[in-house]
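So you can see what is in the structure, the chains are spelled out below.
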Number of protein chains: 2
Amino acid sequence: MIAPLKSVESPDDLATTLGAMGRGARQALHTLALATSAQKNAVLFGMANELRAASAAILIANAEDLAEARHSRATPAFLDRLALDERRIAAMADGVEAVAGLPDPIGTVINAWTRPNGLRIERVRVPLGVIGVIYESRPNVTADAAALCLKAGNAVILRGGSESFSSTRAIHAAILKALRAGGLAEAAIQLVPTRSRDAVGLMLTGLGGSIDVIVPRGGKGLVGRVQAEARIPVFAHLEGVCHVYVAAGANLDMARQIVLNAKMRRTGVCGAAETLLVDRCVAAAQLGPLVTMLIEAGCEVRGDDATQQVDPRVKAASEDDWSAEYLDAVIAVKVIEGVEEAISHIERYGSHHTDAIVTNDNAIAEKFLTEIDSAIVLHNASTQFADGGEFGFGAEIGIATGRLHARGPVGVEQLTSFKYRVRGSGQTRP
Amino acid sequence: MIAPLKSVESPDDLATTLGAMGRGARQALHTLALATSAQKNAVLFGMANELRAASAAILIANAEDLAEARHSRATPAFLDRLALDERRIAAMADGVEAVAGLPDPIGTVINAWTRPNGLRIERVRVPLGVIGVIYESRPNVTADAAALCLKAGNAVILRGGSESFSSTRAIHAAILKALRAGGLAEAAIQLVPTRSRDAVGLMLTGLGGSIDVIVPRGGKGLVGRVQAEARIPVFAHLEGVCHVYVAAGANLDMARQIVLNAKMRRTGVCGAAETLLVDRCVAAAQLGPLVTMLIEAGCEVRGDDATQQVDPRVKAASEDDWSAEYLDAVIAVKVIEGVEEAISHIERYGSHHTDAIVTNDNAIAEKFLTEIDSAIVLHNASTQFADGGEFGFGAEIGIATGRLHARGPVGVEQLTSFKYRVRGSGQTRP
């Protein structure tokens, strides 16, 4: 069912192939920018249907990937990310339909004003351009990223993990059917047709000006390589070293619920808490119960001296623990002296991702919300709300930790740019 | 009056000096982000006053620069950009005061919404970070860029043209006095203390993560080098190959006024028109009068065959003329067949900066406004309105032709980022 893989053998062949993909994506942009919401949504619903219809083919391809991964002794966590089943394919299709249901940002007037000379100026949303998405072996990213980019009128060049290559191709084949049926250029959603890691290096050069921005989705290794090597802009998705600060005026029951949820609901997501800061003035009453609760929930606690004293099962934290992203049932715990120290600790060791304060003292909370320089700051809520769906964006391509263009959950709206539309009646500049 | 130049001799010294400047700028950010509008405005008014008070010192320094530039046979246009006088210094000070008078974007709630679970989410403007401004020998950019960056709570590292080094240092000395008097860190506005061009290369690496974005201001050579070498994001300010399209349904009088203004008001600005497209269906009546008007206003006309036939003084246009940014009293003129050809011509040869259509046919105008992918598209108005002041932004650091983060006139608001502030009452994620 899936077209045979093009031969992409030598480095020259690869550069030629990717160069042509880049030019194709740019050529597709003009049509994509002008596609109506109805046309884009028809393709998205078509994508969802084709994914459902291709379930068997996708599962066969996935079985090949899984067999190879087992052969090369992949970890259980890796195999879990790679594995698809009927339920996961259905979830992928549902996700694409959810994107179809989102409002179309393109053409929206962001703001408008009239100048004293009568010129009427409008700032209007337009697509961002060609987006390069580089991800690891989660095949479902193929459909998520394709749907989000298409909704915002962008062309996308996808480069999935080499271990999920067959699954990704099967998913992409279903997407292409929907593009053809909907009359949109196939170059709108392209997949790099090779397992070679050299393709990543080429994409990071921008393919001769064809790619506008790179979105890396994956672990530290991938994101670090992309940030270090990219010669074009990157929506940085660095790690989430997220903090919960139980401050003066915290209610113990609320602190318990938020800390447990922030750390243990899912430990492998970037919004999971990695460090608990407990204020000295509530430590006597709350540190013990919070630490015991975490340990009893199966979480390893690594603490400073004060924390080690409340429970013999607490291990000693090293300097590295304060900046660790465990993505596991481990937490670093420290007693600190007031909101100023909490802010400076987070500034020093955090990753500008998501940080929360628990307190019923609004003055302390406002200081924390104002001074913490993270994409998301929360008062009396779990850090695990760091998610495009939870923000009401419908879907996200990731959580950006950079400050340029995109920050926090990157949904459809942040995948757009804008232009100025000016209407006059013969005005000239004096 | 001005502190003696630090010795920055060897490449190692230079890297050490710039590295320390980068760290200083980052350290200044926390205070700058929290500075009140009143505090920032007090420093800006102080800057204006110190610039006026330092007039004599600035003029002496400028005389040194001018003497050296004359010695190395700089062009009259170059000397004009470099030269300061009492009037230009007063204009610089007035410009800084105008920035003080702008609304402070920091802390503004861009939008806010409540989730079904009761979480209240606000998107709040925050400073962008550390901005590196690399410019050529226009000393006034020093004050303009410093004022805009400070207003938005950013730290800035300025690197002016080596030929304006003494003037720039004198202006920066006045700025430092105002920072000290206002109690803000001197590291908020730093000037690279050397003429060495190696400093530019170091800034383009980001100084070990210290610089968030580079803003180049200058000619093609500088901007091209910055775009090619930068390892960090750049607000691209490419050339302005701006078009005026006189379409079907154009009024000849309006076309005359707009074309003359767009080309001849000031020929050296990036919003000046460089190409005139005249639709075949109005060419018989309008091409001759427009060409004659331009020639009589002192503009050289380079035309296609049809244009050469209306006036013997029209020179033959070559392929290069369609993508030329003359920045001079020269224009390329072409007769085209309808709005589709106008759009594809501009897509092929333009620079996505500013393009205008003249017509009383609204359907044609809307097609042009929708399909032209430029930062600014105008209907019945001169391209010379491409300017932050004319847009009501008060001042601008340049006109961005990129699509990421900043586009069009970059005023105070585009020098900001945002974060999400979330207020809950104990919410945890299911």
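Residues numbered from 1 in each chain as written. Chains lettered and ligands numbered in written order. Predicted model: local features only at pLDDT ≥ 70, side-chain atom pairs only at ≥ 80, totals over all residues.

## What to know about the overall build of chain A
Here is step 1 of the chain: Of the regular secondary structure elements, chain A holds 14 helices and 16 strands.
Here is step 2 of the chain: For 430 residues, the compact-globule formula gives about 22 Å, and the C-alpha radius of gyration of chain A, at 24 Å, lands near that figure.
Here is step 3 of the chain: Expressed along its principal axes, the backbone C-alpha trace of chain A runs to roughly 70 × 65 × 35 Å.
Here is step 4 of the chain: Out of the 430 residues belonging to chain A, those deemed buried represent 54%.
Here is step 5 of the chain: Counting only contacts in chain A whose residues sit at least 6 apart along the sequence, the fraction spanning at least 24 positions is 73%. (Helix = DSSP H or I, 4+ residues; strand = E, 2+ residues; numbered from the N terminus. Rg over C-alpha atoms; globule rule 2.2 N^0.38 Å. Buried ≥ 20, exposed ≤ 12 C-beta atoms within 10 Å, placed from the backbone. Contact = placed C-beta atoms within 7 Å.)

## Description of the interface of chain B and chain A
Here is step 1 of the chain: Residue-level contacts link 51 residues of chain B with 51 residues of chain A.
Here is step 2 of the chain: Only helix 1 (11–34), helix 10 (252–264), helix 14 (362–371), strand 13 (376–381) and strand 16 (416–427) of chain B provide two or more residues apiece to the side of chain B that touches chain A.
Here is step 3 of the chain: With eleven residues, the top contributor of residues to the side of chain B that touches chain A is strand 16 of chain B.
Here is step 4 of the chain: Residue classes in the side of chain B that touches chain A are distributed as 22 nonpolar, 17 polar and twelve charged. (Nonpolar A, V, L, I, M, F, W, Y, C, P; charged D, E, K, R; others polar.)

## Things to note about the packing of helix 10 of chain B against helix 11 (residues 280–296) of chain B
All names here are of chain B.
Here is step 1 of the chain: The interhelical angle for the contact between helix 10 and helix 11, taken along N-to-C directions, is 35°, at an axis separation of 10 Å. Here helix 10 runs over helix 11; the crossing is right-handed. Residues Leu-252, Ala-255, Arg-256, Val-259, Leu-260 and Lys-263 of helix 10 form the contact with helix 11, whose own contacting residues are Ala-285, Gln-286, Pro-289, Leu-290, Met-293 and Leu-294.
Here is step 2 of the chain: A breakdown of the residues in the contact of helix 10 with helix 11 according to their chemical character gives nine nonpolar, one polar and two charged. (Axes fitted to C-alpha atoms, helices over the stretch in contact; angles between N-to-C directions. Left-handed = near helix turned anticlockwise from the far one by under 90°.)

## Notes on the environment of Met-293 of chain A
All names here are of chain A.
Here is step 1 of the chain: Within the secondary structure, Met-293 sits in helix 11 (residues 280–296).
Here is step 2 of the chain: Taking C-alpha positions, Met-293 is 20 Å from Gly-249, a pair spaced 44 residues apart along the chain.
Here is step 3 of the chain: Setting aside anything within four residues of it in sequence, one finds Met-293 in contact with Arg-256 and Leu-260.

## A short note on helix 13 (residues 338–349) of chain B
Residue and element names in this part refer to chain B.
Here is step 1 of the chain: Given a rise of 1.5 Å per residue, twelve residues ought to cover 16 Å, and the 17 Å separating the end C-alpha atoms of helix 13 matches this to within 8%.
Here is step 2 of the chain: Residues of helix 13 that are buried: Val-339, Ala-342, Ile-343 and Ile-346. Buried residues along helix 13 cover an arc of 95° about the axis, so they all sit on one side. Exposed positions of helix 13 whose direction lies more than 90 degrees from the buried face are Glu-340 and Arg-348.
Here is step 3 of the chain: Buried positions along helix 13 lie against strand 7 (242–246), strand 8 (273–279), strand 11 (330–336), strand 12 (354–358) and helix 14. (Expected span 1.5 Å × (residues − 1). Arc of directions from axis to C-beta.)

## As for the sheet that holds strand 10 (residues 315–316) of chain A
Here is step 1 of the chain: Read across the open sheet, the ten strands follow the order 10(A)-9(A)-11(A)-8(A)-7(A)-12(A)-13(A)-16(B)-2(B)-1(B); overall the sheet is mixed. At either end of the open sheet lies a strand with only one pairing partner, and these are strand 10 of chain A together with strand 1 (109–114) of chain B.
Here is step 2 of the chain: Where strand 12 (residues 354–358) of chain A lies against strand 13 (residues 376–381) of chain A, four bridges are found, and the strand directions are parallel. Its bridge partner being in strand 13 of chain A, Ile-357 of chain A is matched across the sheet by His-379 of chain A. (Pairing = 2+ DSSP bridges.)

## Remarks on the relation of the copies chain B and chain A
Superposition of the two copies of the chain requires a rotation about an axis and a shift along the axis.
Here is step 1 of the chain: In screw terms, the move from chain B to chain A is a rotation of 180° and a rise of 0.0 Å along the axis, fitting with an RMSD of 0.1 Å. Both copies of the chain, as the preceding transformation shows, are related through a two-fold rotation axis. Within chain B, the C-alpha atom positioned nearest to the axis of rotation is that of His-405 of chain B, 2.0 Å from it. (Least-squares fit on C-alpha atoms with pLDDT ≥ 70 in both.)

## Here we look at the confidence of the model for chain A
Here is step 1 of the chain: When the pLDDT values of chain A are averaged, the result is 94; 98% of them are 70 or greater.
Here is step 2 of the chain: Interface scoring of the predicted complex returns ipTM 0.92; its pTM is 0.91. (pLDDT = per-residue confidence, 0-100.)

## Notes on the pairing of strand 13 of chain A
Here is step 1 of the chain: For strand 13 of chain A, the tally of buried residues reaches six of six residues, placing the bulk of the element in the interior.
Here is step 2 of the chain: With helix 14 (residues 362–371) of chain A bridging strand 12 of chain A and the parallel strand 13 of chain A, this β-α-β connection has right-handed handedness.
Here is step 3 of the chain: Here strand 13 of chain A runs beside strand 16 of chain B; their pairing, made up of five bridges, is parallel. Each residue of the ladder has a partner; that of Ala-381 of chain A, found in strand 16 of chain B, is Gln-427 of chain B. (Right-handed = clockwise from strand over helix to strand, strands pointing away.)

## Section: the nonpolar core
Here is step 1 of the chain: Ranked by internal contacts, the top residues of the largest apolar core, which has 281 residues, are Leu-51, Val-96 and Met-203 of chain A together with Leu-51, Val-96, Met-203 and Phe-368 of chain B.
Here is step 2 of the chain: Not counting chain neighbours up to four residues away, the residues in contact with Met-203 of chain A comprise Leu-18, Gly-132, Ile-134, Ile-157, Arg-159, Ile-211 and Ile-214 of chain A. (Core = buried A, V, L, I, M, F, W, Y, C linked by C-beta atoms within 7 Å.)

## Here we look at the environment of Val-330 of chain A
Residue and element names in this part refer to chain A.
Here is step 1 of the chain: Looking at where Val-330 falls in the secondary structure, it is placed in strand 11 (residues 330–336).
Here is step 2 of the chain: For the pair Val-330 and Glu-274, spaced 56 residues apart in sequence, the C-alpha separation works out to 7.3 Å.
Here is step 3 of the chain: The residues touching Val-330, leaving out its near neighbours within four places in the chain, are Cys-299, Glu-300 and Arg-302.

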